[in-house]
Amino acid sequence: MLVLHNYWSSVCSQKVRLCLAEKQLPYENRHVNLFTFEHWEPAYVRLNPKGVVPALDHDGRIVIESNVIVEYLEDVFPAIKLRPDDAFAKAQMRIWLFNAEDIAHSAVSTASYNPRHAARLASKPYSR
């Protein structure tokens, strides 16, 4: 059984949900509310010590980091292939994944931690 711990608007979570949908894999959706800091709760940090989303639980085996999760899903569920067979095409795919993390994710993080969130972050009941 697959259980995806994620936040609805997280770009990284969306990436994994797209992969699950394309591969037509059923999964249980567990929403982690970032606005109430559920990702810093001890139960979630035990799943993902980084305290970020997503985290995939596959029959008790936890996989973190969205790019690692999509590669894992490709390896474990090969019936519907998303990764090309050609080595050069596979390298291009990995560059796309790298750029998604290196370029897009840093830009999204900048927007995510903009001043409109400052009051909420400052009022959190504990530090991390």
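Notes on the structure in this doc start here. Since this is a predicted model, take the numbers as computed values, not measurements. (Residues numbered from 1 in each chain as written. Predicted model: local features only at pLDDT ≥ 70, side-chain atom pairs only at ≥ 80, totals over all residues. Heavy atoms only, no water.)

1. A short note on the overall build of the protein
No. 1: Of regular secondary structure, the protein possesses five helices and four strands.
No. 2: Put simply, the protein runs from its N terminus to its C terminus through helices and strands in the order β-α-β-α-β-β-α-α-α.
No. 3: Going through the 128 residues of the protein one by one, you find that 34% of them count as buried.
No. 4: A separation of at least 24 residues holds for 58% of the contacts in the protein among residues at least 6 apart in sequence.
No. 5: For the protein, the accessible area works out to roughly 7900 Å², and carbon and sulfur atoms hold 61% of it. (Helix = DSSP H or I, 4+ residues; strand = E, 2+ residues; numbered from the N terminus. Buried < 20%, exposed > 50% of the residue type's maximum accessible area, 1.4 Å probe, protein only. Contact = heavy atoms within 4.5 Å. Areas by Shrake-Rupley, 256 points an atom, 1.4 Å probe, with all protein chains shown as cover.)

2. Let's talk about unusual backbone geometry
No. 1: Backbone torsion omega between Val 53 and Pro 54 reads 0°, so that peptide bond is classified as cis.
No. 2: Structurally, Pro 54 can be placed in the loop between α2 (42-47) and β3 (55-58).
No. 3: Positioned with a positive phi, Asp 59 is a non-glycine residue whose angle comes to about 50°.
No. 4: In this structure, Asp 59 sits in the loop between β3 and β4 (61-64).

3. Examining helix α3 (residues 66-76)
No. 1: The element α3 is extensively covered by neighbouring structure, given that eight of its 11 residues are classed as buried.
No. 2: All of the buried residues in α3 are Ser 66, Asn 67, Ile 69, Val 70, Glu 71, Tyr 72, Leu 73 and Glu 74.

4. Remarks on the packing of helix α1 (residues 11-22) against α3
No. 1: At a closest axis distance of 9 Å, the pairing of α1 and α3 adopts a crossing angle of 10°. Overall, the two elements α1 and α3 adopt an arrangement that is roughly parallel. Residues Cys 12, Lys 15, Val 16, Cys 19 and Leu 20 of α1 pack against Ser 66, Asn 67, Ile 69, Val 70 and Leu 73 of α3.
No. 2: For the contact of α1 with α3, a count of residues per class yields seven nonpolar, two polar and one charged. (Axes fitted to C-alpha atoms, helices over the stretch in contact; angles between N-to-C directions. Parallel < 35°, antiparallel > 145°, perpendicular 65-115°, else oblique. Nonpolar A, V, L, I, M, F, W, Y, C, P; charged D, E, K, R; others polar.)

5. A closer look at the packing of aromatic side chains
No. 1: Taken as a whole, this structure holds three aromatic pairs when the rule is applied.
No. 2: Aromatic pair Tyr 7 and Phe 35: ring centres 5.9 Å apart, planes at 45°, arrangement tilted. Of the two residues, Tyr 7 sits in the loop between β1 (2-6) and α1 while Phe 35 sits in the loop between β2 (28-31) and α2, which places them 28 residues apart along the sequence.
No. 3: Ring plane angle 15° and centroid distance 5.2 Å describe the contact between Phe 37 and Trp 40, whose orientation is recorded as stacked.
No. 4: One aromatic cluster in this structure is built from Tyr 7, Trp 8 and Phe 35. (Phe/Tyr/Trp six-rings, centres within 6.5 Å; stacked < 30°, edge-to-face > 60°.)

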